[in-house]
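Observations on the model geometry
If you want the building blocks of each chain, they are given just below.
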Amino acid sequence: MSTVSADLVIVANRLPVDRVEQADGTPGWRTSPGGLVTAIEPVMRANDGTWIGWPGGTDADLEPFEADGMKLVPMSMTPEEIEGHYEGFSNATLWPLYHDLVAKPEFHREWWDSYVAVNRRFAEKAAELASEGATVWVHDYQMQLVPQMLRELRPDLRIGFYLHIPFPPAELFQQLPWRRQLLEGLLGADMVGFQLPGGAQNFVRLVRQRVGHKTHRDLVYLPDGRTVRAAAFPISIDAAGFEEMARSEPVAARAAEIREALGNPRKVFLGIDRLDYTKGIYARLRAFAELIEDGHFDVEDAVFVQVAVPSREQVEQYRILRDEIDRLVGRINGDLGRIGRPAISYLHSSYPREEMAALYRSADVMVVTPYRDGMNLVAKEYVACRFEDTGALVLSEFAGAADELRQAWLVNPYDINGMKSALLEAYRADDRETRRRMKAMRKTVTQNDVAAWADAFMADLAEVPGSHGKAVRPAKRS
Ligand code: G6P
């Protein structure tokens, strides 16, 4: 029996907290990795919603609970579901397919069956918890069938879907044996949101070609009379919250401590990423090392701090990547480092937000060079934390954030020489230049924060012709 009846239900593969085993062997909770959680958390707090998701691990029968004022409904997963739905279809089929085939996607029929089964379970749970006429907001590539399944169970609901990763061009999406089912799954929503206009256009084109529905601009007309809108809503962060944290005394002290521990080099370069092959970590570290080899600067002048947050460690491609990065860092430090002065300070770990803010505060050059990325919130977090208008951002053209952060040093991550030039320019840039660029980027990030993103999505969802349901309060600004 359900214990809650909610006017706003969030459905995402993950809960914002992850079940972990503490040092003493007892279970505890930790903030989940990745951009999705960073973005949705503030919206949830403002809306008193209920969040359905997986808490990591295989614990069964976890009861709904509250954490930090959020109502969380844990969905358990069996080891087979983790293998088929999560590691398999979500992260070894869809993830590489949607990220420009940076790795080769695998297609397995058992993975698809598991994906369908897990989506059904999540849809059933949402149907059980949503109040009459409620809004259900479904998130990301792991849940693309939920909108249609949920609409069949509860036609009274207003359903929104948001994709946090890129939506690929038709030429790539076409490879998927279950392409039509996924498109139809998404069309169960009243509105499908994407990071960039290109993703929305790809989707509408595919729906026209593959499903045969009539479309006009950003609208799809279904035979049952419903209209589905596909539009772009570039996601963001709680910019004011990050800035406040960065300004705080403990974070300032910690930032100074970090620089001290690094030996007070002239410049600190920083990369913070989930350890994922889409992020371009390998090429970026090589580019930095070559600048030292070429004699542009020395390990006394500059250090690269690379934080790699452990991610999807059971998936083969991720294991291979970890070994490659381990080897590369070892080789670079072996060749170029001196006692107490490694060229790269490499941390394979996740950190609380305060520590991230301290790292952002301590870094002169932030390096974000993915081969493909839906948005990349780390780039925006860095900008939000640079309240003194200092610091340089080197950013891949292939991150969604590059559409907004035009004043970054933009790079093509496949072009190592181009990346070397950009890193060197950012290293050498004078105060006036970095200030001019950072000021403009800060304006963009402050104005388009995550509250503005959620408000825009909710307001547009309420206006889609033919959608039902009660209105949801806009998110409060912090
Ligand atoms: C990206 C995805 C999220 C995902 C996160 C962490 O941000 O868009 O859906 O939750 O990575 O990945 P994980 O596999 O650990 O959930």
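Residues numbered from 1 in each chain as written. Predicted model: local features only at pLDDT ≥ 70, side-chain atom pairs only at ≥ 80, totals over all residues. Heavy atoms only, no water.

Brief notes about the overall build of the protein
Scanning the protein from terminus to terminus reveals 16 helices and 18 strands. Expected size for 478 residues packed as a compact globule is a radius of gyration near 23 Å; at 22 Å, the protein falls within 12% of this value. Expressed as a percentage of the 478 residues in the protein, the buried residues total 59%. Here the analysis covers contacts within the protein between residues at least 6 apart in sequence; of these, 74% occur between residues at least 24 apart. Element-wise, carbon and sulfur atoms account for 47% of the exposed surface of the protein, whose accessible area totals about 19,500 Å². (Helix = DSSP H or I, 4+ residues; strand = E, 2+ residues; numbered from the N terminus. Rg over C-alpha atoms; globule rule 2.2 N^0.38 Å. Buried < 20%, exposed > 50% of the residue type's maximum accessible area, 1.4 Å probe, protein only. Contact = heavy atoms within 4.5 Å. Areas by Shrake-Rupley, 256 points an atom, 1.4 Å probe, with all protein chains shown as cover.)

Examining the nonpolar core
Ranked by size, the top nonpolar core spans 106 residues in total, and within it V11, F203 and F269 carry the most contacts. Residue contributions to this core peak at 10 residues, all from helix 3 (residues 109–129). Each of domain 1 (6–235 + 451–462) and domain 2 (239–447) accounts for three or more of the residues forming this core. The contacts of F203, once residues within four sequence positions are left out, are F167, L183, L186, L187, V192, F194 and A230. Counting residues in hydrophobic clusters, the runner-up holds 70 residues, among them I40, V303, A358 and M441. (Core = buried A, V, L, I, M, F, W, Y, C linked by side-chain atoms within 4.5 Å. Domains from an automatic or database assignment.)

Let's talk about unusual backbone geometry
If you check the backbone angles, D61 has positive phi at about 55° while not being a glycine. Phi is positive for D389, which is not a glycine, with a value near 60°. Its location among the elements puts D389 in the loop between helix 13 (377–385) and strand 17 (392–396). Owing to a relative accessible area of 13%, D389 belongs among the buried residues under this scheme.

Things to note about the sheet that holds strand 12 (residues 227–232)
Taken in spatial order, the 10 strands make up an open sheet running 5-6-4-1-7-8-9-12-11-10, and their pairing is mixed. The open sheet terminates on both sides in strands that have one partner only, identified here as strand 5 (65–67) and strand 10 (214–216). Neighbour to neighbour, the strand axes of the sheet diverge by 25° on average, direction disregarded. Here strand 5 runs beside strand 6 (residues 70–74); their pairing, made up of three bridges, is antiparallel. Bridge pairing in strand 6 places A67 opposite M70. This element, helix 3, spans strand 1 (6–14), strand 4 (50–54), strand 6 and strand 7 (130–139) of the sheet and lies at about 160° to strand 4. (Pairing = 2+ DSSP bridges. Axes fitted to C-alpha atoms, helices over the stretch in contact; angles between N-to-C directions.)

Digging into the site of the ligand
Around the ligand, the structure places 14 residues, and the nearest of them are R14, Y86, D140, Q142 and R312. Between R14 and the ligand, the recorded distance is 2.6 Å, taken from a side-chain N or O atom to an oxygen atom. For the ligand, an oxygen atom lies 3.4 Å from a polar atom in the side chain of R274. Surface burial for the ligand is 94%, taken as the share of its 370 Å² of free accessible area covered by protein chains. Those elements giving two or more residues to the shell around the ligand turn out to be helix 1 (35–47) and helix 2 (79–98). Of the residues contributing to the shell around the ligand, the split by class is five nonpolar, five polar and four charged. (Near = heavy atom within 4 Å. Polar contact = N/O pair within 3.5 Å; in protein donor to acceptor, adjacent residues only side chain to side chain. Nonpolar A, V, L, I, M, F, W, Y, C, P; charged D, E, K, R; others polar.)

A short note on the packing of helix 2 against helix 3
One can describe the packing of helix 2 onto helix 3 by two numbers: an axis separation of 8 Å at closest approach and a directional angle of 110°. In terms of orientation, helix 2 and helix 3 fall into the roughly perpendicular class. Residues E80, E81, E83, G84, H85, G88, F89, S90, A92, T93 and L94 of helix 2 pack against W111, W112, S114, Y115, V118, N119 and R121 of helix 3. Considering only residue class, the contact of helix 2 with helix 3 consists of seven nonpolar, seven polar and four charged. (Parallel < 35°, antiparallel > 145°, perpendicular 65-115°, else oblique.)

Points about the domain arrangement of the protein
Domain boundaries in the protein define domain 1 (6–235 + 451–462) and domain 2 (239–447). Taken together, the contacts link 27 residues of domain 1 with 25 residues of domain 2. Summing both sides of the interface, domain 1 and domain 2 together bury roughly 2,000 Å²; the carbon and sulfur share of this comes to 62%. Summed over the shared surface of domain 1 and domain 2, the number is two salt bridges. Close ionic contact of R353 with E41 constitutes a salt bridge, the shortest N to O distance being 3.7 Å. Counting across the domain 1 and domain 2 interface gives six residue pairs in polar contact (both at pLDDT 80 or more). Those elements that place two or more of their residues in the side of domain 1 that touches domain 2 are strand 3 (27–31), helix 1 and helix 2. Of all the elements, helix 2 adds the most residues to the side of domain 1 that touches domain 2, at five residues. Here the side of domain 1 that touches domain 2 is composed, by residue class, of 14 nonpolar, eight polar and five charged. (Buried area = accessible area lost by both parts, 1.4 Å probe. Salt bridge = Lys/Arg side-chain N within 4 Å of Asp/Glu carboxyl O.)

Re the environment of P105
When you line up the elements, P105 lands in the loop between helix 2 and helix 3. A residue is classified by how much of its surface remains accessible, and P105, at 8% relative accessible area, is buried. Remark: the alpha-carbon pair of P105 and A92, spanning 13 residues in sequence, is separated by 5.8 Å. If sequence neighbours within four positions are ignored, P105 has contacts with A92, T93, P96, L97 and Q175.

What about the sheet that holds strand 15 (residues 344–348)?
Working definition: the strands of a sheet are paired by backbone hydrogen bonds and lie parallel or antiparallel to each other. Ordered by their spatial adjacency, six strands build an open sheet running 15-14-13-16-17-18, and the pairing between neighbours is parallel. Two strands in the sheet have a free side with no partner beyond their single neighbour: strand 15 and strand 18 (409–411). Within the sheet, the average angular offset between the axes of one strand and its neighbour, ignoring direction, is 15°. Examined bridge by bridge, strand 13 (residues 267–274) and strand 16 (residues 365–368) share two bridges and lie parallel to one another. Paired with F269 across the two strands is V365, which belongs to strand 16. The strands touched by helix 14 (residues 416–428) are strand 13, strand 14 (302–309), strand 16, strand 17 and strand 18; relative to strand 18, the strand with the most contacts, the crossing angle is about 170°.

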